[in-house]
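Coordinate inspection notes
Here is how the chains run, residue by residue.
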Amino acid sequence: MINAAIIGSGIGLKHFEAIHGYRNSKVRIICENNYKKIQELKLRFRNIKIISDENEIFKNKEINLVSIASYDDNHFSQIKKCIKYKKHIIVEKPMCLSLEQLNQIKHLLKKNPKIKIISNLVLRANSLFVNLKKKVNIDEVFYIEADYIWGRRQKLFQWRSKIKNYSVTLGAGIHMIDLIMWILNKKPLYVTSYSNSIVTKKTNFKKQSFIVYIFEFSKNMIVKITANAAGVYKHFHELKIFEKKKTLVNSYLGSYMFNKKGIETQFKKLDYEYPDKTNRKKLIQNFIDTLIDKRSNSIISFKDQYNLMKVCFAADRSIVLKKKIKIRY
Ligand SMILES: NC(=O)c1ccc[n+]([C@@H]2O[C@H](COP(=O)([O-])OP(=O)(O)OC[C@H]3O[C@@H](n4cnc5c(N)ncnc54)[C@H](O)[C@@H]3O)[C@@H](O)[C@H]2O)c1
């Protein structure tokens, strides 16, 4: 039986929908530290304990799963407490904000091998991307473009502008970087990043709000990713995967596969679900499957999460050092 607690009730309420009632799992506690939200939660969830002190969760022996949906700079300390008090962990991306923190998490998990962790990288459960992954002929790919266009610039000016180490790479780009590494089942060797804050420099958001990354993979394959938190657009994940004989595309006008027939270029519309919000629950539910049934395979391993974080840290380092970075795994 899974007895869960959730910290933070923004996206945390999506975690609630994924967990509560799934395979005998129940959310017992929601922790929120905003007074107004606490009052609303108490009215909405009458059978669930609403608390404001996260330590109540860790001391509660009944809780065996904690879902961390607090601000990015809380994740690391909450992960450490979960491990100390032997609770499995669902953590929103990014799981932490520095390489030192990442290595500490790795070390603590190694000492506590029964504790499982998943970071909520929801694009891996998206119907369109699952099907594109099946269609890609990895050996024929020579170039990929992937754009995370946030379309929610106003969010930068809330808690994201107040926390010390906020990074648009870790907050936005991470989704596309994970998507590409997962589709290709490969790790980039080098990254060079370029960024600006043209749109946001006169606001309270003092970090870079637009970033372009050039990733170099083996055999000279190149991937360009953007983390675009500044642009005016609908929230969207644009993608173009170029192979020798075909191109797969997800654009605002639809998703397509282009093929060559002689000298003619033909295209076919792909009818997979996008944005496919209902399937976002699948990542968390698959994680619960792995807790209940040891034979279930996790959609994302800790090793994948660790490598992804290393790539993100290297990408941000390239901005600071203004040079190409060799990514060490
Ligand atoms: N996977 C995704 O696609 C995705 C999407 C959005 C946000 N996120 C991540 O989710 C996290 C939360 O973002 P959000 O958009 O839900 O923010 P939000 O501001 O909408 O909600 C966060 C809530 O958590 C509460 N909170 C923060 N720290 C807390 C603590 N220590 N104890 C109790 N309550 C606490 C806040 O009061 C707030 O109500 C962030 O890490 C963000 O990066 C992930």
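Above: the structure in question.
Scope of this entry: the structure provided in the associated data block. The structure presented is a predicted model; accordingly, all values stated were derived computationally and were not measured.

**Things to note about the overall build of the chain**
Helices and strands together make up the secondary structure of the chain, namely 9 helices and 15 strands. Radius of gyration (C-alpha) of the chain: 20 Å, near the 20 Å computed for a compact globule of 329 residues. With 329 residues in all, the chain has 53% of them scored as buried. Of all intrachain contacts in the chain linking residues separated by at least 6 positions in sequence, the fraction that spans at least 24 positions is 67%.

**A look at the site of the ligand**
Surrounding the ligand, one finds 24 residues, the nearest of these being I11, E32, K37, D72 and E92. A distance of 3.0 Å separates a nitrogen atom of the ligand from a polar side-chain atom of N74. Between the ligand and W159, the relevant distance is 3.2 Å, taken from an oxygen atom to a side-chain nitrogen or oxygen of the residue. Isolated, the ligand exposes 830 Å² of accessible area, and the fraction of that covered by the protein chains is 88%.

**Topic: the layout of surface pockets**
If you add up the space inside the largest pocket, you get close to 1200 Å³. Elements with a contribution of two residues or more to the lining of the largest pocket: α1 (12-19), α4 (75-84), α7 (168-184) and α8 (281-292). Of the residues forming the lining of the largest pocket, the biggest block, 4 residues, is contributed by α1. Partitioning the lining of the largest pocket into residue classes produces 12 nonpolar, 18 polar and 15 charged.

**A closer look at the side chain of K246**
Inspection of the secondary structure puts K246 in strand β12 (residues 246-251). Exposure remark for K246: the relative accessible area of 13% places this residue in the buried category. In terms of polar contacts, K246 uses its side chain to reach the backbone carbonyl oxygen of K135, at 2.8 Å. Residues in contact with K246, not counting those within four places in the same chain, are K135, V136, N137, I241, M257, F258 and N259.

Definitions and limits used
- Residues numbered from 1 in each chain as written.
- Predicted model: local features only at pLDDT ≥ 70, side-chain atom pairs only at ≥ 80, totals over all residues.
- Heavy atoms only, no water.
- Helix = DSSP H or I, 4+ residues; strand = E, 2+ residues; numbered from the N terminus.
- Rg over C-alpha atoms; globule rule 2.2 N^0.38 Å.
- Buried < 20%, exposed > 50% of the residue type's maximum accessible area, 1.4 Å probe, protein only.
- Contact = heavy atoms within 4.5 Å.
- Near = heavy atom within 4 Å.
- Polar contact = N/O pair within 3.5 Å; in protein donor to acceptor, adjacent residues only side chain to side chain.
- Areas by Shrake-Rupley, 256 points an atom, 1.4 Å probe, with all protein chains shown as cover.
- 1 Å grid on protein atoms, 1.4 Å probe; cavity = no way out; pocket = protein on both sides within 12 Å on 5 of 7 lines; lining within 4 Å.
- Points joined across faces, edges and corners; volume = space filled by probe spheres on them.
- Nonpolar A, V, L, I, M, F, W, Y, C, P; charged D, E, K, R; others polar.

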